[in-house]
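Residue strings, one per chain:
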Amino acid sequence: MSDLGSASSLSADVCVVGAGPVGATLACRLAAAGLKVAVVDRLALPPLEHSDFDGRAYAVAAGSRAVLEAAGVWRSLPLPAGPIMNIRVSDGRVGRPASRLHLHFDHREAGTGPVGWMVEARCLRVALNAQLHASPNITVFAPAEVVVDRSDRSARVRLSDGRCLEAQLVVAADGRASRIRDEAGIGVTRTPYNQMGIVTAIAHERPHQQTALEHFLPGGPFAQLPMAPSAGEPNLSAIVWTERTPLAERLLRLANPIFAREILRRLGGHLGAIRPIGRRWSYSLGALHAHHYVSTRLALVGDAAHGIHPIAGQGLNLGFRDVEALASILSAAALQGADLGSDRLLTDYQRQRRTDNMAMLMATDALDRLFSTDNTVLRAGRDVGISAVNSLHGLKRRFMQAAMGDTGASNA
């Protein structure tokens, strides 16, 4: 881990504020390219952090895996990731069989490996923390708060312990409530959904065959995502479940046997008997988009720049695409000795990412409005649409390639 110079004259090429999955991956990716990086987070980041399974997992697209590999993080995962080979999309009502008109994505139709992988949240955190502390090009300041002063010449980051560091660029990776973004005067547009996301995990009797289920219900989408087996549980799946807020709050208070019954009513019986494991997590759903991704010597990544409905499981993956775009721009500029905080580079980053992120935001917003309803006419129309896409192999392949990410890197 680099010391970035003496205590009185700290400096870095880039300072990343926020060490969540996106910010930490960006730091590791830049460090792997030879840049000196400072990482600041308000929470401590012990390198050997390892808690029991808590029910949370991430769906990592194929393109995102390539980003994690380039950052040196994927090889540090302490447990194997679970491949997603197939995805089944269906429409239905709670407690009733799904519509016979469905959409099935088979990884072989895209001519590649898995569509994506399920990675336990704790495993990704362990790998990121270990890589942050192991890299000679990264210095971690955590726990610490910061005050950022930016000028045309440089950015100055003052730490809560009194130390200061100079950087060419500051990256705000501090989440939807980004203080760095707000202090820079960058506005955001927010769209509430009056829905709540419930995240948990289940052990089940029958194998999932590495198939993910996305079941559209009137209250919101219900997803079952295949996970790798653990030592004590051979069949595991993550559950990402959207409901109207009042019902979700009641569901979260249910005893485990009743909660399991409610999961089965939405999941169906194809996995046999189920048992909830780990904790139940919940969060209010809404979309967010920053009016600008950049300002003077400042770039926004991940949730600080955009947040979408989880209906397509693409939120974190959009953040990883931000990472690859910004890291590629900065790495190339560093090789040429260019100013990493120049307006030209930041404008290029914003141009590359805003269109992709806005398109995904609008698509997920439209999907939620189309599917989170029990209107008979809309139900009939969307069932026909699902069936039509299933029969159009070229269109289905493009959907799969978009969901997998388009970095072009190998995912072997």
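Residues numbered from 1 in each chain as written. Predicted model: local features only at pLDDT ≥ 70, side-chain atom pairs only at ≥ 80, totals over all residues. Heavy atoms only, no water.

**Observations regarding the packing of helix α1 (residues 21-32) against helix α7 (residues 315-335)**
Here α1 crosses α7 at 25 degrees, and the two axes come no closer than 9 Å. In this view, α1 runs roughly parallel relative to α7, as classed from their interaxial angle. The interaxial crossing formed by α1 with α7 has right-handed handedness. Here α1 contributes Pro21, Val22, Thr25, Leu26, Arg29 and Leu30 to the contact with α7, which in turn contributes Leu316, Gly319, Phe320, Val323, Glu324, Leu326, Ala327, Ser328, Leu330 and Ser331. Its residues placed into classes, the contact of α1 with α7 shows 10 nonpolar, four polar and two charged. (Axes fitted to C-alpha atoms, helices over the stretch in contact; angles between N-to-C directions. Helix = DSSP H or I, 4+ residues; strand = E, 2+ residues; numbered from the N terminus. Parallel < 35°, antiparallel > 145°, perpendicular 65-115°, else oblique. Left-handed = near helix turned anticlockwise from the far one by under 90°. Contact = heavy atoms within 4.5 Å. Nonpolar A, V, L, I, M, F, W, Y, C, P; charged D, E, K, R; others polar.)

**Topic: helix α2 (residues 62-70)**
Spacing of three or four residues puts side chains on the same side of an α-helix, whose turn is 3.6 residues. Among the nine residues of α2, seven are classified as buried, and the element is accordingly described as predominantly covered. For α2, the full list of buried residues reads Ala62, Gly63, Ser64, Arg65, Ala66, Val67 and Leu68. Positioned one or two residues after α2, glycine 72 has a phi angle of 80 degrees, which is positive. (Buried < 20%, exposed > 50% of the residue type's maximum accessible area, 1.4 Å probe, protein only.)

**Section: the environment of leucine 30**
Here leucine 30 shows up in helix α1. A relative accessible area of 0% means that leucine 30 is categorised as buried. When residues no more than four places from it in sequence are discounted, the contact partners of leucine 30 are Val14, Leu35, Val37, Ala327 and Leu330.

**Comments concerning the confidence of the model for the chain**
On average, residues of the chain score 87 in pLDDT, and 82% of them are at 70 or above. Note that residues 387-392 has pLDDT below 50 and, in this model, 10 contacts with residues that lie over four places away or in other chains. Ignoring residues within four places in sequence, the model shows residues 407-412, a span with pLDDT below 50, making 13 contacts including any to other chains. (pLDDT = per-residue confidence, 0-100.)

**Digging into the packing of α1 against α2**
Where α1 meets α2, the closest approach of the two axes is 8 Å, and the angle between their N-to-C directions is 55 degrees. The orientation of α1 with respect to α2, classified from their angle, is oblique. Each of Thr25, Arg29 and Ala32 in α1 lies in contact with α2, whose residues at this interface are Val67, Leu68 and Ala70. Here the residues of the contact of α1 with α2 sort into four nonpolar, one polar and one charged.

**Quick notes on the pattern of salt bridges**
For the structure on display, the rule yields 18 salt bridges. The salt bridge partner of glutamate 324 is arginine 29, with a shortest N-O separation of 3.1 Å. Placement of the pair is glutamate 324 in helix α7 and arginine 29 in helix α1, with a sequence separation of 295 residues. In this structure, glutamate 324 and arginine 29 share a single accessibility class: buried. Where aspartate 182 meets arginine 181, a salt bridge forms, and the shortest distance between an N and an O atom there is 3.2 Å. On the basis of relative accessibility, which here comes to 44%, the residue aspartate 182 falls in the partly exposed class. (Salt bridge = Lys/Arg side-chain N within 4 Å of Asp/Glu carboxyl O.)

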